[in-house]
Amino acid sequence: STIAAQRAADDNIELIITADIGIRDQAAVSLATTHNVDVLICDHHLPPGSDVPQGAVVLCPPQKDCDYPNPHLAACGVSLKLAQAMLCEHPRFEQIFNSMLKLAAIGTVADMVPLTTAENRAIVTLGLRELNEARHGAGLDALLQAANAKRGQIDEGTIGYQIGPRINAAGRMADAKIVVEMLNCRQPQQARELAKRVDTMNRERKAVQEKLSKQALEQISEPAPPFVLVAGKESDGWHRGVVGIVASRIMRSIDSSSE
């Protein structure tokens, strides 16, 4: 956002690196570069025909004239490739890269990008191997325990239905920074406390989702009209972090009832 770009300029930051954001933020990039702040964008959200921000270095496989063979990388995959290029000569590269594959696999599955490409399948396959066989830091270990993800049994379904929702819940219900804090935590007890908070947020997200879905469906007449509009105030519990999920559930409910 322009606020973040201005803050970077005020703090004499020389480089901004984005992950999963920025590809359509022309104003923020322009503001940053005007103040001599370099911008490197790692993203994958680019509608057909859209232009990338001028003045930034853009890593985004779907962009025009990009010949990278995998246009379906999730943003975590794009970030992984950047890290791979930067760390390829590090003496502990293999160990570091294998560790990063764990989060890249989680992000690739949770972001629901196509697994029809060899690279995406490789990221998930190798990441799952690390999740099932390698040692983890205190934060990731606490998350896996909170998600009841058992070593040796973690697969795509475990990520999609147990791990991913807990990570997403923090951003939907409160602040995603708690997930970063948890994953960076090296103290097992503190990590477990943070994972417990994330787990609580996920239960709250489920409860709000169920409540809003019920309220929204009650507003729709039967048979459902071709165009449906439901609404509610955030002060009445219509949490902005959950309404998108509710909208998808309403759409599926209407489609199934019309079959």
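Presented here is a report on the structure given in the accompanying data block.

Rules behind the numbers
- Residues numbered from 1 in each chain as written.
- Predicted model: local features only at pLDDT ≥ 70, side-chain atom pairs only at ≥ 80, totals over all residues.
- Heavy atoms only, no water.
- Helix = DSSP H or I, 4+ residues; strand = E, 2+ residues; numbered from the N terminus.
- Buried < 20%, exposed > 50% of the residue type's maximum accessible area, 1.4 Å probe, protein only.
- Lys, Arg positive; Asp, Glu negative; His and termini not counted.
- Salt bridge = Lys/Arg side-chain N within 4 Å of Asp/Glu carboxyl O.
- Contact = heavy atoms within 4.5 Å.
- Pairing = 2+ DSSP bridges.
- Axes fitted to C-alpha atoms, helices over the stretch in contact; angles between N-to-C directions.
- Parallel < 35°, antiparallel > 145°, perpendicular 65-115°, else oblique.
- Left-handed = near helix turned anticlockwise from the far one by under 90°.
- Nonpolar A, V, L, I, M, F, W, Y, C, P; charged D, E, K, R; others polar.

The next subject is the side chain of Asp43. Along the chain, Asp43 turns up in the loop between strand 2 (38-42) and strand 3 (57-59). Comment: no salt bridge for buried Asp43; closest opposite-charge side chain is Arg24, at 6.4 Å. Those residues in contact with Asp43 that lie beyond four places of it in its chain are Asp20, Ile21, Gly22, Ile23, Leu59, Cys60, Pro61 and Val78.

What follows deals with helix 6 (residues 138-146). The periodicity of an α-helix, 3.6 residues per turn, causes residues three or four positions apart to be oriented the same way. Where helix 6 is concerned, the buried positions are Ala138, Gly139, Leu140, Ala142, Leu143 and Leu144. Following helix 6 by one or two positions, Asn148 adopts a phi angle in the positive range, close to 55°.

In this structure, Pro223 follows Glu222 across a cis peptide bond, with omega equal to -5°. Position of Pro223 relative to the elements: it lies in the loop between helix 9 (188-218) and helix 10 (243-257). Phi at Asp65 takes a positive value of approximately 70°, unusual for a residue other than glycine. In this structure, Asp65 sits in the loop between strand 3 and helix 3 (75-87). Here Met112, not a glycine, exhibits a phi torsion of approximately 55°, which is positive. Residue placement: Met112 occurs in the loop between helix 4 (93-110) and helix 5 (118-133).

Right, let's talk about the sheet that holds strand 2 for a bit. Read across the open sheet, the 3 strands follow the order 1-2-3; overall the sheet is parallel. Two strands close off the open sheet at either side, each with one partner strand: strand 1 (15-19) and strand 3. Sheet twist, expressed as the mean angle between neighbouring strand axes with direction ignored, is 10°. Here strand 1 runs beside strand 2; their pairing, made up of 5 bridges, is parallel. Counted as the bridge partner of Thr18 is Ile41 from strand 2.

With that out of the way, let us pick up the packing of helix 4 against helix 5. Packed helix pairs are specified by the crossing angle of their axes together with the interaxial distance, meaning the distance between the axes. With their axes 7 Å apart at the nearest point, helix 4 and helix 5 run at an angle of 120° to one another. By the angle between their directions, the pair helix 4 and helix 5 is classed as oblique. Here the hand of the crossing between helix 4 and helix 5 comes out left-handed. Residue-level contacts link Asn98, Leu101, Lys102, Ala104, Ala105, Ile106, Thr108 and Val109 of helix 4 to Asn120, Ile123, Val124, Leu126, Gly127, Leu128, Arg129, Glu130 and Leu131 of helix 5. Its residues placed into classes, the contact of helix 4 with helix 5 shows 10 nonpolar, 4 polar and 3 charged.

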